[in-house]
Amino acid sequence: MRCLVIRHAPAESGPSDAERPLSAAGVSLLRQVRGPLQALVPDLDLIAHSPLRRARETATVLAEVFAAPLCETDTLAPGELDRLSAWLATQSGTVALVGHEDDLSYWVCHMLTGLGGRFFHFERAGACLLEFPGLPRAGGGRLHWLMSPEQLARMARR
């Protein structure tokens, strides 16, 4: 299994945290980075996202270039990532996970090292690719790459 882990793009303020929409700059940034993401991970089987609006909108913009269905899952909501590995075990292939900080960086670090804490911070619209030889488990992941949105955008300009 492979997991393309993506933090949602920049968002506006909103009536509630759950309803914050992507900003115009966030949509523009996503449109710059989605081509390089597709070049790095050409075959996605599923784009899973948090139920929060900004993550759902990020996933929708990504789905415009990836031929993969969208799936909303509470396991990507803030504070719920302890259930993500079990949910992933029911999936197969390459799955994109669109969620939030600080949860995503803690989850990725845990899946790579088996330890708590984190050693990096996802920028908005930043991404990484993890691979698991079997079912996703703590300490069992392998990091293929980790990129900021600026690095991805530079790839698009080449």
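Scroll up a little and you will see the structure.
In short, a report on the structure. If you're wondering where the values come from, they're calculated on a predicted model, not measured in any experiment.

**Comments concerning the overall build of the protein chain**
If you tally the helices and strands in the protein chain, you get 5 helices and 6 strands. Its helices and strands taken in sequence order, the protein chain reads β-α-β-α-β-α-β-α-β-β-α from the N to the C terminus. Relative to a compact globule of 158 residues, whose C-alpha radius of gyration would be 15 Å, the protein chain shows 14 Å and is just as compact. Expressed as a percentage of the 158 residues in the protein chain, the buried residues total 48%. For the protein chain, restricting intrachain contacts to residue pairs at least 6 apart in sequence, the fraction spanning at least 24 positions comes to 61%. For the protein chain, the exposed area adds up to about 7,200 Å²; of that, 49% sits on carbon and sulfur atoms.

**Describing the environment of Val 27**
With respect to the helices and strands, Val 27 occurs in helix H1 (residues 24-40). Spatially, the C-alpha atom of Val 27 lies 29 Å from that of Arg 83, the residues being 56 residues apart in sequence.

**Quick word on the nonpolar core**
One finds Leu 4, Leu 37, Leu 44, Ile 47, Leu 62 and Trp 145 to be the most contacted residues of the largest nonpolar core, which totals 26 residues. Those elements that place two or more of their residues in this core are strand E1 (2-7), H1, helix H2 (53-63), strand E4 (94-99), strand E5 (127-131), strand E6 (142-147) and helix H5 (149-157). Those residues in contact with Ile 47, other than ones at most four positions away along the chain, are Ala 59, Leu 62, Ala 63, Phe 66, Ala 68, Pro 69, Leu 70, Cys 71, Ala 96 and Val 98. Within the second largest apolar cluster, 23 residues are counted, among which are Met 1, Val 5, Trp 107 and Phe 120.

**A word on the sheet that holds E1**
Read from one edge of the open sheet, 6 strands run E3-E2-E4-E1-E5-E6, paired in mixed fashion. Only two strands of the sheet have a single partner each, and these edge strands are strand E3 (70-72) and E6. Each strand of the sheet is rotated relative to its neighbour by a mean of 20°, with strand direction disregarded. By the bridge criterion, 5 bridges tie E5 to E6 in an arrangement that is antiparallel. The residue bridging Leu 129 from the neighbouring strand is Trp 145, located in E6.

**Regarding the pattern of salt bridges**
Overall, the coordinates contain 9 salt bridges when judged by the stated rule. Here Arg 83 makes a salt bridge to Glu 80, at a shortest N to O gap of 3.3 Å. We classify Arg 83 as partly exposed; its relative accessible area is 39%. Of the charged contacts, one joins Arg 142 and Glu 131 as a salt bridge, the two residues approaching to 3.9 Å between their closest N and O atoms. In this pair, Arg 142 sits in strand E6 while Glu 131 sits in strand E5, placing the two residues 11 residues apart along the sequence. On the accessibility criterion, Glu 131 (27% relative accessible area) is partly exposed. Here the salt bridges do not stand alone but share partners, grouping Asp 17, Arg 20 and Arg 54 into one network.

**Looking at unusual backbone geometry**
Note that the residue after Glu 101, namely Asp 102, is joined by a cis bond; omega there is 5°. The backbone phi angle of Ala 125 is positive, close to 75°, even though this residue is not glycine. The residue Ala 125 is located in the loop between helix H4 (103-113) and E5 in this model. Taking relative accessible area as the criterion, Ala 125 reaches 0% and is therefore assigned buried.

Calculation notes
Residues numbered from 1 in each chain as written. Predicted model: local features only at pLDDT ≥ 70, side-chain atom pairs only at ≥ 80, totals over all residues. Heavy atoms only, no water. Helix = DSSP H or I, 4+ residues; strand = E, 2+ residues; numbered from the N terminus. Rg over C-alpha atoms; globule rule 2.2 N^0.38 Å. Buried < 20%, exposed > 50% of the residue type's maximum accessible area, 1.4 Å probe, protein only. Contact = heavy atoms within 4.5 Å. Areas by Shrake-Rupley, 256 points an atom, 1.4 Å probe, with all protein chains shown as cover. Core = buried A, V, L, I, M, F, W, Y, C linked by side-chain atoms within 4.5 Å. Pairing = 2+ DSSP bridges. Axes fitted to C-alpha atoms, helices over the stretch in contact; angles between N-to-C directions. Salt bridge = Lys/Arg side-chain N within 4 Å of Asp/Glu carboxyl O.

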